Amino acid sequence: MPRTTPVPALAAPAVRVHDSLVLEPRDVRFDWARLPLHWVPDEPMATHILNVLHLLLPEGERWFVKVFKEALPLIRDEQLREEVLGFIGQEAIHAEAHQEVLDHLLGQGLDPRPYVRQVAWVFQRVLGDRPGLSPARQREALIERVAAIAAVEHFTAFLGNWILNSPGLDRAKADPTMLDLLRWHGAEEVEHRSVAFDLLVHLDPGYARRVRTMAMAGPLLAHLWVRGVRFLLAADPTLDGRLRPSWREAYRITKRGLLPDPVKSIRSGLRYLKPGYHPTQEGSSSQALGYLATSPAARAAAGR
Ligand SMILES: [Fe+2]
Ligand SMILES: [Fe+2]
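Residues numbered from 1 in each chain as written. Chains lettered and ligands numbered in written order. Predicted model: local features only at pLDDT ≥ 70, side-chain atom pairs only at ≥ 80, totals over all residues. Heavy atoms only, no water.

## Brief notes about the overall build of the protein
- Scanning the protein for helices and strands turns up 13 helices and zero strands.
- What you see in the protein, going N to C, is helices and strands ordered as α-α-α-α-α-α-α-α-α-α-α-α-α.
- By its C-alpha atoms, the protein is 50 × 45 × 40 Å across when sized along the principal axes.
- Taken across its 304 residues, the protein has 53% of its residues classed as buried.
- Pairs at least 24 apart in sequence give 88% of the contacts found in the protein among residues at least 6 apart.
- Of the accessible surface of the protein, which amounts to about 14,300 Å², a share of 58% is contributed by carbon and sulfur atoms.
- If you average the places of the 38 positive and of the 35 negative side-chain charges in the protein, the two averages end up 5 Å apart. (Helix = DSSP H or I, 4+ residues; strand = E, 2+ residues; numbered from the N terminus. Buried < 20%, exposed > 50% of the residue type's maximum accessible area, 1.4 Å probe, protein only. Contact = heavy atoms within 4.5 Å. Areas by Shrake-Rupley, 256 points an atom, 1.4 Å probe, with all protein chains shown as cover. Lys, Arg positive; Asp, Glu negative; His and termini not counted. Charge placed at Lys NZ, Arg CZ, Asp CG, Glu CD.)

In structure tokens form, the structure reads like this:
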């Protein structure tokens, strides 16, 4: 079984690494045959709070890819265009990697499809195309979606940075293949954390849209997450509906280092609203690339 450990931040400044970055989609594969249903041992709630990622990301990241492909003709900067293409390649692989976990859950008797249908409705209907708009309003709607993605990407980078620095999960003996999936994905989120924000600023450097879309995306994400945890705990065939989500339990799990601190998560969301914010101020590209150099799945992909 592959072993993964958090990689300490290296000395090189993150901005310099980012500036010379070429985003490379890594064609990773994971074998889920031996993944236990509660892959954080004896911690079904922690497992399912993190499992919400698998419920949200396939639909969400496919939507990112669709929106960014639509935005390509608006880009007037060759370097940014290359980064957006790299971002599209990475997010497409992320979506499929998490989809495989959903398929595995179904095989273990936990049917995620009712919740995934709701998530698909949000991305395809609520946040999807509106036929019949004028070209100017279509462009406006597209930039609004790019801004919403930039806000969500702030949180994926926050979570990516956390998962790269989460020794509590190693101490709890979380499944090493799942840890590698989460850390490979988290590292790529840190690696490409500037792309959506830079695209947003390229299309609309104004501040109002950034605030408006974070005010929408932050609460929506929190709402979907809480709903997802409730759904998974109710649908888990081994729990029989006996385990209900509670803030007390979430607090205990956070103290054990199995989840990000919610106060830090909220503070991170507020940092996005600072006028001088840029994603390079969060996380470490050096650490992300350091993990990707040791990730069993990323190394196997590099050898193919
Ligand atoms: Fe992703
Ligand atoms: Fe991302």
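## What to know about the coordination of the iron ion (ligand 1)
- On the protein side, the iron ion (ligand 1) has Glu61 (OE), Glu91 (OE), His94 (ND1), His185 (NE2) and Glu189 (OE) as donor atoms, found 1.9 to 2.3 Å from it.
- Spacing between the donor residues of the iron ion (ligand 1) along their common chain follows E-x29-E-x2-H-x90-H-x3-E. (Donors = N, O, S within 2.8 Å, 3.2 Å for Na, K, Ca; no water.)

## Examining helix H12 (residues 285-294)
- Counting buried positions along H12 gives seven out of 10 residues, so the element sits mostly inside the fold.
- Looking at H12, one finds that the buried residues are Ser285, Ser286, Gln287, Ala288, Gly290, Tyr291 and Leu292.
- Its side-chain oxygen placed 3.3 Å from the backbone nitrogen of Ser286, Ser284 serves as the N-cap of H12. (Polar contact = N/O pair within 3.5 Å; in protein donor to acceptor, adjacent residues only side chain to side chain.)

## A word on unusual backbone geometry
- Phi at Asp42 is positive, roughly 60°, even though this residue is not glycine.
- Relative to the assigned elements, Asp42 resides in the loop between helix H1 (14-19) and helix H2 (44-71).
- By relative accessible area, Asp42 is classed as exposed at 75%.
- Phi at Asp240 is positive, roughly 55°, even though this residue is not glycine.
- Checked against the element boundaries, Asp240 lands in the loop between helix H9 (208-235) and helix H10 (247-255).

## Considerations on empty space enclosed by the protein
- Scanning all chains against the criterion turns up one cavity of 30 Å³ or more.
- Considered as a void within the structure, the largest cavity measures approximately 50 Å³ in volume.
- Considering the residues around the largest cavity, the lining is formed by Ala150, Glu153, His154, Ala157, Arg193, Phe197, Tyr272, Tyr277, Pro279 and Glu282.
- When residues in the lining of the largest cavity are grouped by element, the largest group, four residues, is from helix H5 (residues 135-164).
- Grouping the constituent residues of the lining of the largest cavity by class yields six nonpolar, one polar and three charged. (1 Å grid on protein atoms, 1.4 Å probe; cavity = no way out; pocket = protein on both sides within 12 Å on 5 of 7 lines; lining within 4 Å. Points joined across faces, edges and corners; volume = space filled by probe spheres on them. Nonpolar A, V, L, I, M, F, W, Y, C, P; charged D, E, K, R; others polar.)

## Description of the pattern of salt bridges
- This structure, assessed with the given rule, holds 20 salt bridges.
- Between Arg242 and Asp240 there is a salt bridge; the shortest N-O distance is 3.8 Å.
- On the basis of relative accessible area, Arg242 is assigned to the exposed category, the value being 61%.
- The structure contains a network of salt bridges with shared partners spanning Glu140, Glu144, Asp204, Arg209 and Arg212. (Salt bridge = Lys/Arg side-chain N within 4 Å of Asp/Glu carboxyl O.)

## A short note on the layout of surface pockets
- A volume near 300 Å³ is recorded for the second largest pocket.
- Taken together, the elements giving at least two residues each to the lining of the second largest pocket come down to H5, helix H6 (167-171) and helix H11 (262-271).
- Split into classes, the residues belonging to the lining of the second largest pocket amount to five nonpolar, six polar and six charged.

## Points about the packing of H12 against helix H13 (residues 296-303)
- Close contact between H12 and H13 brings their axes to 5 Å; oriented N to C, the two are set at 65°. Classed by the angle they form, the pair H12 and H13 counts as roughly perpendicular. Across the interface between the two elements, Tyr291, Leu292, Ala293 and Thr294 of H12 pack against Pro296, Ala298 and Arg299 of H13.
- Classifying every residue of the contact of H12 with H13 by side-chain character gives five nonpolar, one polar and one charged. (Axes fitted to C-alpha atoms, helices over the stretch in contact; angles between N-to-C directions. Parallel < 35°, antiparallel > 145°, perpendicular 65-115°, else oblique.)

## Notes on the confidence of the model for the protein
- With 93% of its residues at a pLDDT of 70 or more, the protein shows a mean pLDDT of 92.
- Long-range and interchain partners of residues 1-18, a stretch whose pLDDT sits below 50, account for 51 contacts in this model, where long-range means more than four residues apart. (pLDDT = per-residue confidence, 0-100.)

## With respect to the side chain of Arg26
- Within the fold, Arg26 resides in the loop between H1 and H2.
- Polar side-chain contacts of Arg26 include one of 3.2 Å to the side chain of Glu191.
- Not counting residues up to four positions away in its chain, the partners in contact with Arg26 are Gln90, Ile93, Trp184, Glu188, Glu191, Leu289, Leu292, Ala298 and Ala301.

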